[in-house]
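Here is how the chains run, residue by residue.
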Amino acid sequence: MLAETHVSPSQRTSDLAEARFRAAFRSLPMPILMVDPNRVRAPVIFANEAFFDLTGYSPDEVLGQSWQFLQVPGAEMASLDVVDAALHRGEAFETEFLSCRKDGSSFWSSLALSPVHDEAGHLRSVTVLLNDVSAKKQVDRDLIETKQFLEEQIERRTQDLQTALEQKTALLHEVEHRAKNSLQMTASLVLLKARRLQNPEARKVLHETAERVSALSAAHRLLYTAGDVSRLNLKEFTAELAGELVMALPDGQVDLNLNIQPLGVPASKAAALALLLNEVIGNAVKHAFPNGRQGQLTIEIGRAENGLKIAVEDDGVGLDHSPPPEGSFGKTLITMLVHQLKGRLTWHDRKPGTRAEIVMPVDAEETQFE
Ligand SMILES: Nc1ncnc2c1ncn2[C@@H]1O[C@H](COP(=O)(O)OP(=O)(O)OP(=O)(O)O)[C@@H](O)[C@H]1O
Ligand SMILES: [Mg+2]
């Protein structure tokens, strides 16, 4: 009776509440511990059936013991210290914790600490909710392993593709290299033959043929020397071709103006385009400035709607200055090539001079050249 007189009404109320609390949790399917945070090492003051089922301990082995028996022997102390600190501070806290059963087997549990205060606000106990998350952890581990496996597979596959691409590029370079060599050899053979001919007309024809073959050879050379073998660098090709053609004229006779955007054309169109430029620029150089006439030759290449626009303009004598010689073939070839490239060609009489404009479709992505 004397003892009862020392129990304050608020203490009695909270004892009653705790008793109700325990009764409510006793048969819950979720493992629950209740510990006393106000005593050293926070001994267990309550554990429910689900907790005993999960851990294999009996009430005698658990009640009055520090909650720390839950930790796997030899496991890192850091996680235990963190939980312990939260527990003594009476903080709500959640973490994952490697726990231990009576038989020594371990399992990952998620711990949820929730403090219980009495009406006066004093920390009375801490409820610890345990949840076996080993299966989830295993799924997480499996997912990480699967992710690693897939990443390795992707890495290996990417490597294989990269190697295959490098081999393909090397092969294409080799093909372009051989095509360029064969064409160069053909041009040399034609020039050798031309040198042995007396007939100037026959020599002229052979020279022009060698020039055409050389233009094709140059396109293949630029393809195999470029990093991107799938595209011809139009700016480089045109500048080189026009430079060589104008160089055949006396110094200073014709000013060459180039306004060419850094564009590429797909290798499949390179030969036709190389020949086409050779004919149109070659015509301007050969025919627009007869008898030492001085002038300007302007070449513009840029993007047009859905493709490329090429303009070759001179301020020479004009297309109708003289009738085409017998057997002339360049313009027919130009028409054929423009047709093959699915383009459109228009001639403009600039009075003085001639402007040839070619618009041809090329995929916007294919024309990209850094
Ligand atoms: N830019 C130009 N300025 C002046 N005349 C030109 C120009 N382009 C072409 N011609 C004229 O058109 C003619 C026909 O050109 P085409 O290219 O068909 O033949 P070619 O150049 O004379 O010979 P081939 O091209 O067969 O070697 C030329 O002979 C020339 O008279
Ligand atoms: Mg011609």
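This one's a predicted model, so the numbers in the text were calculated from it and none came from an experiment.

A separate point is the pattern of salt bridges. One pass over the structure, following the stated rule, counts 19 salt bridges. Where Glu300 meets Arg355, a salt bridge forms, and the shortest distance between an N and an O atom there is 3.6 Å. Here the residue Glu300 occupies a position in strand 9 (residues 295–304), and Arg355 occupies one in strand 12 (residues 354–361), the gap between them amounting to 55 residues. Take Glu300: its relative accessible area is 30%, and that puts it in the partly exposed class. For Glu357, the salt bridge identified is with Arg355, shortest N-O distance 2.7 Å. The buried category is assigned to Glu357, whose relative accessible area is 17%.

Taken together, 18 residues are adjacent to ligand 1, and Asn283, His287, Asp314, Phe329 and Lys331 come closest. Side-chain polar atom of Glu208 to an oxygen atom of ligand 1: 3.1 Å apart, as the coordinates give it. Phe329 is positioned such that a nitrogen or oxygen atom in its backbone is 2.7 Å from an oxygen atom of ligand 1. For ligand 1, whose unbound accessible area comes to 600 Å², protein coverage reaches 93%. Mapped by element, the contributors of at least two residues to the shell around ligand 1 are helix 7 (200–225), helix 9 (267–287) and helix 10 (330–340). When grouped by side-chain class, the residues that make up the shell around ligand 1 number six nonpolar, seven polar and five charged.

This paragraph deals with the UniProt feature "domain: PAC" (unreviewed entry) in the protein chain. Under the present numbering, the feature "domain: PAC" (unreviewed entry) in UniProt falls on residues 91–145. For residues 91–145, helix accounts for 22% and strand for 55%, while the C-alpha atoms at its two ends are 35 Å apart.

Let us look at the confidence of the model for the protein chain. Summarising the model, the protein chain shows a mean pLDDT of 89, and 94% of its residues fall at 70 or more. Confidence scores differ between elements of the protein chain, with helix 1 (residues 2–5) showing the lowest mean pLDDT of 41 and strand 7 (residues 254–260) the highest of 97.

A sheet is described by the order of its strands in space; here five strands give the open sequence 2-1-5-4-3, paired in antiparallel fashion. Looking at which strands have only one partner, the edges of the open sheet turn out to be strand 2 (44–47) and strand 3 (93–100). Between one strand and the next, the sheet's axes are offset by a mean angle of 30 degrees, whatever the strand orientation. Together, strand 3, strand 4 (106–117) and strand 5 (123–132) form the strand contacts of helix 6 (residues 134–195), whose direction differs from that of strand 4 by roughly 125 degrees.

Rules behind the numbers
Position labels on residues start from 1 in each chain and follow its written sequence. In the order they appear in the text, chains get letters beginning with A and ligands get numbers beginning with 1. Only residues with pLDDT of at least 70 are given local features in this predicted model, and only at 80 or more are side-chain atom pairs given and counted; all residues enter the totals for whole chains, interfaces and linings. Computation of side-chain values covers all heavy atoms of the structure but excludes hydrogens and water. By definition, a salt bridge exists where a carboxyl oxygen of Asp or Glu is found within 4 Å of a side-chain nitrogen of Lys or Arg. Numbering of helices and strands runs from the N terminus, with a helix taken as a DSSP run of H or I at least four residues long and a strand as a DSSP run of E at least two residues long. A 1.4 Å probe rolled over the protein chains alone gives each residue an accessible area, and that area as a share of the maximum for its type sets the label: buried under 20%, exposed over 50%, partly exposed in between. The nearness test applies per residue and asks whether one of its heavy atoms lies within 4 Å of the molecule or strand. Two N or O atoms count as a polar contact when they lie within 3.5 Å, although within protein this holds only if one can serve as hydrogen donor and the other as acceptor, and sequence-adjacent residues are included solely when both atoms are side-chain atoms. Note on areas: Shrake-Rupley, 1.4 Å probe, and residue coverage restricted to the protein chains presented here. Three categories are distinguished: nonpolar for Ala, Val, Leu, Ile, Met, Phe, Trp, Tyr, Cys and Pro, charged for Asp, Glu, Lys and Arg, and polar for the others, with Gly belonging to the last. UniProt positions are given in the numbering used here, feature names are shortened, and annotations may be inferred rather than shown by experiment. pLDDT gives the predictor's per-residue confidence on a scale running from 0 to 100. Here a strand pair is declared whenever DSSP counts at least two bridges between the two strands. Helix axes use the C-alpha atoms of the stretch in contact, all axes being lines fitted to C-alpha atoms, and the angles between their N-to-C directions lie in the range 0 to 180 degrees. The contact rule is simple, with two residues in contact once any of their heavy atoms fall within 4.5 Å.

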